[in-house]
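Summary of structural features
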Amino acid sequence: MEGAEGAPVVTPVIETTGLTKAYPRVTALDHLDVTVGAGVTGLVGANGAGKSTLIKILLGLVPATSGSARVLGHDVATEGTAIRSLVGYMPEHDCLPSDVSASDLVVHLGQMSGLPYAAARERASDVLRHVGLAEERYRVMGGYSTGMKQRAKLAQALVHDPRLVLLDEPTNGLDPSSRDDMLSLVRKIGEEFGIAVLVTSHLLGELERVSDHVVVLDSGRLLRSSATSDFLHATGSLLVEVQGPHDADRLLGQALVDAGLTARPAEGSMIEVEVRDDHTADLVRDLTVDLGLGLVRMQERHHRIEDVFREGGAGSVQPV
Ligand SMILES: Nc1ncnc2c1ncn2[C@@H]1O[C@H](COP(=O)(O)OP(=O)(O)O)[C@@H](O)[C@H]1O
Ligand SMILES: [Mg+2]
């Protein structure tokens, strides 16, 4: 297909329009308009924000109350089967049979999705290796650690070679080092395997490292959707820390204001200075020297995903 100017029309991976899910007591999704493209997209929001509800609607497992959504061009309301053949799903909660091995489960699910037995075995062995389950894949999953269970859940989401995977809280219950391993795997799925990924977390800072794009949900509403680099871009200010008499920071702050710059106190006796032009940092350095103070450090201030929540006034959010 070609667009008006001859450019190819790219079908979004996920597109929702006015998507709403009302339960009797709560509106889990409230007129959500969001578009997700290729690459890794982080879906973040506090517990109860509506992340899992969105994923189940996208899979065609739960009907929306109103609005619509398309996944890889298919309507979730009428084409759930087609969607589930193209999409892998890693559910949030433990759903693994305890008396079956990861290998048997993944082979079985591969066959369920249409692969002949031999191909399913080969594919299962590949995906289990990719997620880092070695010999233990032949043991029953009842004895697995949380990290191993999460890997088995991830492997079954990949067995039918999906174009998109929906990973619901893949780092839940993991210790920091297993969490890092899982996040690296998520990145690898997006980058090396070229599979589009939508990954959720209630820990806000967690997905910055692995996501190309971040969607922030708050009480079923879209708080923000932007490239990760936009979250992390320099905000146009410098954080300055100086050494000297006890009111060194105040002295420098006054000198900066006298020089026509905008400066304000920041955390830990630091001063935040708005960048006016290319010479701002030099001016800060010169004024510090003029006052006989020592410059301890000067750095650009970066936004983090948590700041969006702070600015947006969203409550009950757990920063990492
Ligand atoms: N089956 C259900 N019946 C009633 N309420 C539900 C159901 N599933 C989810 N909810 C509610 O919808 C809201 C969003 O839940 P959920 O999508 O699980 O959020 P998240 O995954 O972001 O933690 C919550 O208030 C939750 O209690
Ligand atoms: Mg959830």
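Residues numbered from 1 in each chain as written. Chains lettered and ligands numbered in written order. Predicted model: local features only at pLDDT ≥ 70, side-chain atom pairs only at ≥ 80, totals over all residues. Heavy atoms only, no water.

**A few points about the coordination of the magnesium ion (ligand 2)**
Protein-derived ligands of the magnesium ion (ligand 2) are Ser52 (OG) and Glu92 (OE), with the metal-ligand distances lying across 2.0 to 2.5 Å. You can see Ser52 sitting in helix α1 (residues 51-58) and its partner Glu92 sitting in the loop between β6 (87-90) and α3 (102-112), a full 40 residues away along the chain. Look at Ser52 and you get buried, because its relative accessible area is 17%. For Glu92, a relative accessible area of 21% gives the class partly exposed. (Donors = N, O, S within 2.8 Å, 3.2 Å for Na, K, Ca; no water. Helix = DSSP H or I, 4+ residues; strand = E, 2+ residues; numbered from the N terminus. Buried < 20%, exposed > 50% of the residue type's maximum accessible area, 1.4 Å probe, protein only.)

**Describing the site of ligand 1**
Neighbouring ligand 1 are the residues Tyr23, Val26, Ala28, Ala46, Asn47, Gly48, Ala49, Gly50, Lys51, Ser52 and Thr53. Between ligand 1 and Lys51, the relevant distance is 2.8 Å, taken from an oxygen atom to a side-chain nitrogen or oxygen of the residue. Within the side chain of Ser52, one N or O atom sits 2.8 Å away from an oxygen atom of ligand 1. Broken down by element, the shell around ligand 1 gets its largest block of residues, three residues, from α1. Partitioning the shell around ligand 1 into residue classes produces five nonpolar, five polar and one charged. (Near = heavy atom within 4 Å. Polar contact = N/O pair within 3.5 Å; in protein donor to acceptor, adjacent residues only side chain to side chain. Nonpolar A, V, L, I, M, F, W, Y, C, P; charged D, E, K, R; others polar.)

**Looking at α3**
Within α3 the residues assigned to the buried category are Ala102, Ser103, Leu105, Val106, Val107 and Gly110. Contact partners of the buried residues in α3: α4 (117-130) and α5 (146-158). Within two residues after α3, Gly114 carries a phi angle of roughly 110°, on the positive side. (Contact = heavy atoms within 4.5 Å.)

**Re empty space enclosed by the protein**
A complete count under the given rule lists one cavity of 30 Å³ or more for this structure. One number sums up the size of the largest cavity: a volume of about 30 Å³. Around the largest cavity, the lining residues are Ile14, Val34, Val36, Leu43, Leu54, Leu58, Leu198 and Val215. Those elements giving two or more residues to the lining of the largest cavity turn out to be β2 (27-36) and α1. A per-class count over the lining of the largest cavity returns eight nonpolar, no polar and no charged. (1 Å grid on protein atoms, 1.4 Å probe; cavity = no way out; pocket = protein on both sides within 12 Å on 5 of 7 lines; lining within 4 Å. Points joined across faces, edges and corners; volume = space filled by probe spheres on them.)

**Thoughts on the pattern of salt bridges**
Inspection of every chain in the model, using the stated rule, returns 15 salt bridges. For Lys51, the salt bridge goes to Glu169, with nearest N and O atoms at 3.8 Å. Taken together, the positions of Lys51 in helix α1 and Glu169 in the loop between β7 (164-167) and α6 (176-191) put the pair 118 residues apart, joining distant regions of the chain. Lys51 gets classed as buried once you look at its relative accessible area, which sits at 4%. Glu169 gets classed as buried once you look at its relative accessible area, which sits at 3%. Among the ionic pairs, Glu241 bridges to Arg297, the shortest N-O distance being 2.9 Å. One end of the pair, Glu241, is in strand β11 (residues 234-243); the other, Arg297, is in strand β14 (residues 294-302), and 56 residues separate them in sequence. Beyond isolated ion pairs, a larger network of salt bridges with shared partners links Arg187, Glu191 and Asp212. (Salt bridge = Lys/Arg side-chain N within 4 Å of Asp/Glu carboxyl O.)

**Considering the sheet that holds strand β8 (residues 196-201)**
Hydrogen bonds between backbone groups are what pair the strands of a sheet, and the pairing can be parallel or antiparallel. Read from one edge of the open sheet, six strands run β6-β7-β8-β3-β9-β10, paired in mixed fashion. The sheet is open, and its two borders are formed by β6 and β10 (221-227), each paired with just one other strand. On average, each strand axis in the sheet is inclined to that of its neighbour by 15°, with strand direction left out of account. Pairing analysis gives five bridges linking strand β3 (residues 40-44) to β8, with the strands arranged parallel. When the bridges of β8 are listed, Val44 appears paired with Ser201. Helix-sheet contacts for α1 involve β3, β6, β7, β8 and β9 (213-218), and the interaxial angle to β8 is about 150°. Strand contacts of α6: β3, β6, β7 and β8, with the helix running at about 155° to β8, the strand carrying the most contacts. (Pairing = 2+ DSSP bridges. Axes fitted to C-alpha atoms, helices over the stretch in contact; angles between N-to-C directions.)

**What about the side chain of Thr228?**
Among the secondary structure elements, Thr228 is positioned in helix α7 (residues 228-232). For Thr228, a relative accessible area of 5% translates into the label buried.

**What about the packing of helix α8 (residues 248-258) against helix α9 (residues 280-290)?**
Axis separation between α8 and α9 bottoms out at 10 Å; the angle between their running directions is 125°. By the criterion of interaxial angle, the relationship of α8 to α9 is oblique. The element α8 and its partner α9 pack so that their crossing is right-handed. Together, Leu252, Ala255 and Leu256 of α8 and Val284, Leu287 and Thr288 of α9 make up the contact between the two elements. (Parallel < 35°, antiparallel > 145°, perpendicular 65-115°, else oblique. Left-handed = near helix turned anticlockwise from the far one by under 90°.)

**Describing the pairing of strand β12 (residues 263-266)**
Consecutive side chains along a regular strand alternate between the two faces of the sheet. Note: β12 against strand β13 (residues 270-274), four bridges, orientation antiparallel. By the bridge assignment for β13, Arg264 is matched with Glu272.

**A few points about the layout of surface pockets**
Computed from the structure, the largest pocket encloses a volume of approximately 350 Å³. Lining the largest pocket are 14 residues, with Arg84, Val87, Leu109, Gln156 and His160 positioned closest to its centre. Considering every element that reaches the lining of the largest pocket, the biggest residue donor is β6, with three residues. In terms of residue class, the lining of the largest pocket is built from eight nonpolar, five polar and one charged.

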